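Remarks on the overall topology
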Amino acid sequence: MLFRPVLRRRPATYADIEALPAHMVGELIAGELIANPRPAPAHTQSASAIGMLVGFPFHFGRGGGPGGWWIEDEPELHTTIDGTKDVLVPDLAGWRRERMPHLPATTWFGVVPDWVCEVLSPSTEDIDRTLKLPLYARMNVRHIWLVDPIVNKVEIYRRLEEPAWQLVATHVGNVTVHAEPFDAVELDFSLLWER
């Protein structure tokens, strides 16, 4: 009888992220290293516009906004669920200051955000929808926006009590809306699509 050894790949570690070239963004999801190049200009423009759109009223409390949030670009989120360490880098994330009064002294965030925004691209949409969305639900992120700059669409999700998402709104094109969790201020989504 012939026995064959079972080959097991080792789970990816943070050292694998550190070994990536500077132009790559690395994440650890369920023990796998996910690496993608820096995003294209349309992706970056939409992410930057979202940061400014919600940042001024909610991060800074300007323009009639209530403040009370930290809004951060590409934060590195560290979490451990069921013994597996995950490292995620959403395009944007926000924390209510009542839950996280001060920014961490580390280069990463250990407090789960209240809101995450992923800007979709053809190379990352499947990862964002099938791997990251369920993980964000298990982490207890309360709100997610999925933004598609190719079709000019924003999907807004709210976490249900069980780790699942409810689609609460879809906005397409040049619309001005009140979008949770930032519904205290009207947001002009046409600014996300400017080229």
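Conventions adopted
- Here, residues in each chain are numbered from 1, in the same order as that chain's written sequence.
- Only residues with pLDDT of at least 70 get local features here, since the model is predicted, and only at 80 or more are side-chain atom pairs given and counted; chain-wide, interface and lining totals rely on the full set of residues.
- Side-chain measures were taken over the full set of non-hydrogen atoms in the model, leaving aside hydrogen atoms and water.
- Nonpolar cores are built from buried Ala, Val, Leu, Ile, Met, Phe, Trp, Tyr and Cys residues. Side-chain atoms within 4.5 Å join them into one set.
- Under the scheme applied here, a residue whose accessible area is under 20% of the maximum for its type counts as buried, over 50% as exposed, and between as partly exposed, the area being computed with a 1.4 Å probe on protein chains only.
- Secondary structure elements follow DSSP: runs of H or I no shorter than four residues count as helices, runs of E no shorter than two count as strands, and numbering proceeds from the N terminus.
- By definition, residues are in contact when any of their heavy atoms lie within 4.5 Å.
- Here, a strand pair is defined by DSSP locating no fewer than two bridges between the strands.
- Think of each axis as a best-fit line through the C-alpha atoms, taken over the contacting stretch in the case of a helix, with angles from 0 to 180 degrees between the N-to-C directions.
- Two joining distances apply to patches: 9 Å for like charges and 5 Å for nonpolar side chains (Val, Leu, Ile, Met, Phe, Trp, Tyr), and every residue must have over 30% relative accessible area and no salt bridge.
- Computed with a 1.4 Å probe, the accessible areas rest on the Shrake-Rupley method; for each residue, only the protein chains presented here act as cover.
- Whenever a carboxyl oxygen of Asp or Glu lies within 4 Å of a side-chain nitrogen of Lys or Arg, that contact is scored as a salt bridge.
- A residue's pLDDT is the predictor's confidence in that residue, given on a scale from 0 to 100.

**Overview of the nonpolar core**
With 25 residues, the main nonpolar core has I50, W115, W145, F182, L187 and F189 as its most contacted residues. Contributions of two or more residues to this core are made by α2 (41–59), β3 (69–73), β7 (115–119), β8 (143–148) and β9 (153–159). The element best represented in this core is α2, accounting for 6 residues. Once residues lying within four places of it in the same chain are set aside, the contact partners of L187 are L53, V54, W145, V175, T176, V177, A179 and F182.

**Description of the sheet that holds β7**
Pairing within the open sheet is mixed, and its 6 strands lie in the order β3-β6-β7-β8-β9-β10. The open sheet has two free edges, formed respectively by β3 and β10 (165–172), since each of these has just one partner strand. Across the sheet, the mean angle from the axis of one strand to that of its neighbour is 15°, orientation sign disregarded. As paired elements, strand β6 (residues 92–96) and β7 share 3 bridges and run antiparallel to each other.

**So, a nonpolar patch on the surface**
Together, M52, F56 and F60 make up a nonpolar patch on the protein surface, roughly 340 Å² of accessible area in all. Mapping M52 onto the fold places it in helix α2.

**Examining α2**
Listing the buried residues of α2 in full gives H43, S46, A47, A49, I50, G51, L53, V54, G55, P57, F58 and H59. On its buried face, α2 sits against β3, β6, β7, β8 and β12 (187–188). Taken from the residues just after α2, G61 is the one with a positive phi, measuring 70°.

**Brief notes about the pairing of β9**
The element β9 is extensively covered by neighbouring structure, given that 5 of its 7 residues are classed as buried. Here β8 pairs with β9 via 6 bridges, running antiparallel. Residue pairing for β9: V147 is matched across the bridge by V154. Counting the residues between successive antiparallel strands, the hairpin from β8 to β9 contains 4 residues, one of them, N152, with a positive phi of roughly 55°. Hairpin geometry of β9 and β10 is characterised by an intervening segment of 5 residues between the two adjacent antiparallel strands.

**A few points about the side chain of D16**
Its place among the elements puts D16 in helix α1 (residues 14–18). Judged by relative accessible area, D16 falls into the buried class, the value being 18%. Setting aside anything within four residues of it in sequence, one finds D16 in contact with R10 and L33.

**Examining the confidence of the model for the protein**
The pLDDT averaged across the protein works out to 92; a share of 95% of its residues lies at or above 70. Between residues 1–8, whose pLDDT stays under 50, and residues either more than four places distant or in other chains, the model counts 0 contacts.

**Points about unusual backbone geometry**
Peptide bonds are mostly trans, and most non-glycine residues show a negative phi. A cis amide bond links E180 with the next residue in sequence, P181, at an omega value of 5°. A positive phi angle is found at A30, which is not glycine, with a value near 55°. Mapped onto the elements of the fold, A30 is located in the loop between β1 (24–29) and β2 (32–37). One non-glycine residue, N152, adopts positive backbone phi at about 55°. By secondary structure assignment, the location of N152 is in the loop between β8 and β9. With relative accessibility at 24%, the residue N152 sits in the partly exposed group.

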